[in-house]
There are 2 protein chains.
Amino acid sequence: MSSPVRSLARRITTITAHLQAGMARPKVVVTRNLGAEAMRLLDRPDLDVVAWQSETQPCDKKWLLDNIPGATGILLLFSEKVRREITEDATDLLKVVSTMSVGYEHVDIGSLAQRGIRLGYTPDVLTEAVADITVMLALMAGRNVKETTSIVQNGQWSAYPWAPYLFAGSQLSANWVHPTRTAGFIGFGRIAQSTLARLLPFGFTRALYTSNPSSKPNPARDAELLAKYAPQGLAEIRRVGLAELTSESDVVFVLAPGGPSTYHVVNEEILKSMKRTAVLVNTSRGSLVDSEALAKACREGWIWGAGVDVVDGEPNVAADHPLVQEPRCIVLPHIGSATNETRLGMATMAINNVIAGVLGGSMPAELNRS
Amino acid sequence: MSSPVRSLARRITTITAHLQAGMARPKVVVTRNLGAEAMRLLDRPDLDVVAWQSETQPCDKKWLLDNIPGATGILLLFSEKVRREITEDATDLLKVVSTMSVGYEHVDIGSLAQRGIRLGYTPDVLTEAVADITVMLALMAGRNVKETTSIVQNGQWSAYPWAPYLFAGSQLSANWVHPTRTAGFIGFGRIAQSTLARLLPFGFTRALYTSNPSSKPNPARDAELLAKYAPQGLAEIRRVGLAELTSESDVVFVLAPGGPSTYHVVNEEILKSMKRTAVLVNTSRGSLVDSEALAKACREGWIWGAGVDVVDGEPNVAADHPLVQEPRCIVLPHIGSATNETRLGMATMAINNVIAGVLGGSMPAELNRS
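- The name that an unreviewed UniProt entry assigns to chain A is Glyoxylate reductase, with the source organism given as Daedalea quercina L-15889.
- Of chain A, the UniProt comment under Sequence similarities (unreviewed entry) reads exactly: "Belongs to the D-isomer specific 2-hydroxyacid dehydrogenase family."

The following block contains the structure:
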């Protein structure tokens, strides 16, 4: 369909929809079953909810395209690739798009803004769940968990008689050899700060971080954090260059956004500059870490081990992927925010966003496009 | 050899050894190579050190029996079964037995005391390493790590398209559904207290514990801990009965000593009383937990999952063991204290104990037998 014809068709659909809307409740399209507990919130007399019924399978694209026209609100996941369709097929009735995600790369922000359509998303709610798994991976990478659990699963435990250094890992917490510990954060947003808070009782006394080179230093924020955590032993928090961070840290946490500017920021050179007893943890985006380099670093002992929840090119990670093959590298299938509590929290926020957007209220989390 | 003959033989050996000792340095027998870094401490002109050369293989029993007579100090591991031989074959030269372990079930305390032989051991030094792994297992059990890592290792990641509750676990940290968290400790010694400290930034506000019924309540210690941790959010610390502990806690930590009085204290009834979202962690002794009951609890969803570093009957844990077979139960091969730092710390302490005992100084950790 050519653009003028499409434009005309949209106007006709809009008129029809407006006529129907005069008699009917606003239509809210929900592209996934978000679970009984969350979906109950949509069971309201003032909304006409059209929802895809499966929780595990994405919605049929034709179903979605058929439903976009006439919708006042659309709630979608980042798995829905409908940037163009929402812009072109949605009628002027559309007031709000709500995504159950922190990111919004799958939505055409500019086009929505131009048409005055509000955009809701779900920030913050996943911070604690991701910080949990970040600490977990630091511990697992240090304590040789992949190798030792594999021995148990294969029934080989009894083949390893006790010895002073059998299965001995690299200790995360402060100890008599290393009475202080240093955490290095590549990216120092909310998840990194929550991770730092969790590390303090492990005896971490220093936090080093790098930020986007174009971002301004934030000495006030750092002074506030230091004052808050000094009673628990934090002695230093400082923005540094990447080389200082990697050479000084006992754990390097990769917690920066993805995209071209951070692509493979963790490469052979960076890994070679780390301590041999240190571990690397990536719970942000796979694109930040060169998988081949990390596998080599683990294999050749440049670092003690690694734990990653994300892998460049995921989910296409085969059994012969170098990180999967590497005994000192734990690989999780991107479960950072995957807890029932957090996912229910994200679903609830996305639903409350779409309801508020449709009815004209204040949204729990609306993207500020300015 | 009959006892009187053995006794006579010992006297003769003693006299011979004393004669040699008049001319020679005191003999220190070390039953394992404790690594170059630790063994260097024994490289002294005033000691005659006889050490087994292998780090991974236990010493030959005949080698040990040949060396016990004439020794002034003996450093051994808990793998050495020489209770009777030390009592019967050691000459009166023997001043100290030093074990590289927290426990001393493998040593005849009474007989050593009777003969005025000092006993060194290695307490405390492993507390932080075990607390690390205790927190790690609580996280792993909640986040379905055994199932999810297995999917990745088998190259199946791409077969699981994103869905709102895919791989979703039970969150350890406080969250919008559960704004407070409760930790339950079966046994509340040093490792439990270090574990509690680590849990505070995860939003734990309550600590419940049980103690040996014959031990006196310790309200002063509890008040001190509460005062110390109140600024970090701890609101309650209380000794309770086991039923209250298991029904109220989001994580139940098994951290009590082994032995007949705690045998299978975690059984079907206890597991049934736990929350369905809670996890069980055992980093103390396998004998405290009924493995069949725990596997059933995981399988039938009485609890969310479990993480154990110790198993009843270890190290004889075959691939078809019910806990190894259970996807929701992580099993580690007793690596609680297995870090290079902690094991080196234990070796160093055991060596310093034996040196001080032989030369007549103050031992870093001498067992108070009174």
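That covers the picture; the talk isn't over yet.
### Focus: the packing of helix α6 (residues 127–142) of chain A against helix α8 (residues 190–199) of chain A
Residues and elements named next belong to chain A.
Thinking step 1. Contact pair α6 / α8: the axes reach a minimum separation of 9 Å and the direction vectors enclose 55°. The orientation of α6 with respect to α8, classified from their angle, is oblique. As α6 packs across α8, the resulting crossing turns out to be right-handed. Within the contact between the two elements, α6 uses Thr127, Glu128, Val130, Ala131, Asp132, Thr134 and Val135 and α8 uses Arg190, Ile191, Ser194, Thr195, Arg198 and Leu199.

### Examining the packing of α6 of chain A against helix α6 (residues 127–142) of chain B
Thinking step 1. Close contact between α6 of chain A and α6 of chain B brings their axes to 9 Å; oriented N to C, the two are set at 130°. In terms of axis orientation, α6 of chain A runs oblique to α6 of chain B. The two elements α6 of chain A and α6 of chain B meet at a crossing, and its hand is left-handed. Across the interface between the two elements, Asp132, Met136, Leu139 and Met140 of chain A of α6 of chain A pack against Asp132, Met136, Leu139 and Met140 of chain B of α6 of chain B.
Thinking step 2. Among the residues forming the contact of α6 of chain A with α6 of chain B, the class breakdown is 6 nonpolar, no polar and 2 charged.

### Details of the domain arrangement of chain A
Size of an interface, as often reported, equals the accessible area lost when the parts are brought together.
Thinking step 1. Along its sequence, chain A is organised into domain 1 (3–124 + 342–359) and domain 2 (127–331).
Thinking step 2. Computed from C-alpha coordinates alone, the two centres of domain 1 of chain A and domain 2 of chain A are separated by 39 Å.

### Details of the sheet that holds strand β12 (residues 329–331) of chain B
Sheet strands line up and pair through hydrogen bonds in the backbone, either parallel or antiparallel.
Residues and elements named next belong to chain B.
Thinking step 1. Strand order in the open sheet made by the 7 strands is β8-β7-β6-β9-β10-β11-β12, with parallel pairing throughout. Edge positions in the sheet fall to β8 (236–239) and β12, since each has one partner strand and no second. Neighbouring strand axes in the sheet, compared pairwise and without regard to direction, differ in orientation by 15° on average.
Thinking step 2. Bridge count for strand β9 (residues 251–254) against strand β10 (residues 279–282) is 4 bridges, and the pairing is parallel. Across the sheet, residue Val251 finds its bridge partner in β10, namely Val279.
Thinking step 3. Of the strands in this sheet, β9, β10, β11 (305–308) and β12 are in contact with α6, which crosses β10 at around 145°.

### Digging into the relation of the copies chain A and chain B
Put simply, the second copy of the chain is the first one after a rotation about an axis and a shift along it.
Thinking step 1. Rotating chain A by 180° about the axis while translating it 0.0 Å along that axis superimposes it on chain B, leaving an RMSD of 0.1 Å. Given the turn and translation reported, the copies of this chain are related as if by a two-fold rotation axis. No C-alpha of chain A lies nearer the rotation axis than that of Met136 of chain A, which sits 2.8 Å from it.
Thinking step 2. The share of interface residues of chain A whose copies in chain B are also at the interface is 100%, consistent with both copies meeting through the same surface.

### Brief notes about the pattern of salt bridges
Thinking step 1. In this structure the tally under the stated criterion is 40 salt bridges over all chains.
Thinking step 2. Note that Asp222 of chain A and Arg221 of chain A form a salt bridge whose closest N and O atoms lie 2.9 Å from each other.
Thinking step 3. According to the relative accessible area criterion, Asp222 of chain A is buried, its value standing at 9%.
Thinking step 4. Its salt-bridge partner being Glu147 of chain B, residue Arg328 of chain B comes within 2.7 Å of it at the nearest N-O pair. Of this pair, Arg328 of chain B sits in the loop between α13 (322–325) and β12 while Glu147 of chain B sits in helix α7 (residues 145–153); the two residues are 181 residues apart in sequence, bridging distant segments of the chain.

### Comments concerning the UniProt feature "domain: D-isomer specific 2-hydroxyacid dehydrogenase NAD-binding" (unreviewed entry) in chain A
Thinking step 1. Those residues carrying the UniProt feature "domain: D-isomer specific 2-hydroxyacid dehydrogenase NAD-binding" (unreviewed entry) are residues 135–336 of chain A in this numbering.
Thinking step 2. Across residues 135–336 of chain A one finds 31% helix and 16% strand; the C-alpha atoms that close the span lie 11 Å apart.

### Here we look at the pairing of strand β10 (residues 279–282) of chain A
Thinking step 1. Burial of the side chains of β10 of chain A extends over both faces: Val279 and Val281 of chain A are buried on one face and Leu280 and Asn282 of chain A on the other.
Thinking step 2. Chirality of the crossover, the property in question, places the unit of β10 of chain A, helix α12 (residues 291–299) of chain A and strand β11 (residues 305–308) of chain A among those that are right-handed.

### Concerning the nonpolar core
Thinking step 1. Counting 76 residues, the largest nonpolar core has Met140, Phe185 and Phe253 of chain A together with Met140, Phe185 and Phe253 of chain B as its most contacted members.
Thinking step 2. Not counting chain neighbours up to four residues away, the residues in contact with Phe253 of chain B comprise Thr134, Ala138, Ala183, Gly184, Phe185, Ile186, Thr195, Leu199 and Val281 of chain B.

Scoring rules and cut-offs
- Residues numbered from 1 in each chain as written.
- Chains lettered and ligands numbered in written order.
- Predicted model: local features only at pLDDT ≥ 70, side-chain atom pairs only at ≥ 80, totals over all residues.
- Heavy atoms only, no water.
- UniProt positions renumbered as here; feature names shortened; annotations may be inferred.
- Axes fitted to C-alpha atoms, helices over the stretch in contact; angles between N-to-C directions.
- Helix = DSSP H or I, 4+ residues; strand = E, 2+ residues; numbered from the N terminus.
- Parallel < 35°, antiparallel > 145°, perpendicular 65-115°, else oblique.
- Left-handed = near helix turned anticlockwise from the far one by under 90°.
- Contact = heavy atoms within 4.5 Å.
- Nonpolar A, V, L, I, M, F, W, Y, C, P; charged D, E, K, R; others polar.
- Domains from an automatic or database assignment.
- Pairing = 2+ DSSP bridges.
- Least-squares fit on C-alpha atoms with pLDDT ≥ 70 in both.
- Salt bridge = Lys/Arg side-chain N within 4 Å of Asp/Glu carboxyl O.
- Buried < 20%, exposed > 50% of the residue type's maximum accessible area, 1.4 Å probe, protein only.
- Right-handed = clockwise from strand over helix to strand, strands pointing away.
- Core = buried A, V, L, I, M, F, W, Y, C linked by side-chain atoms within 4.5 Å.

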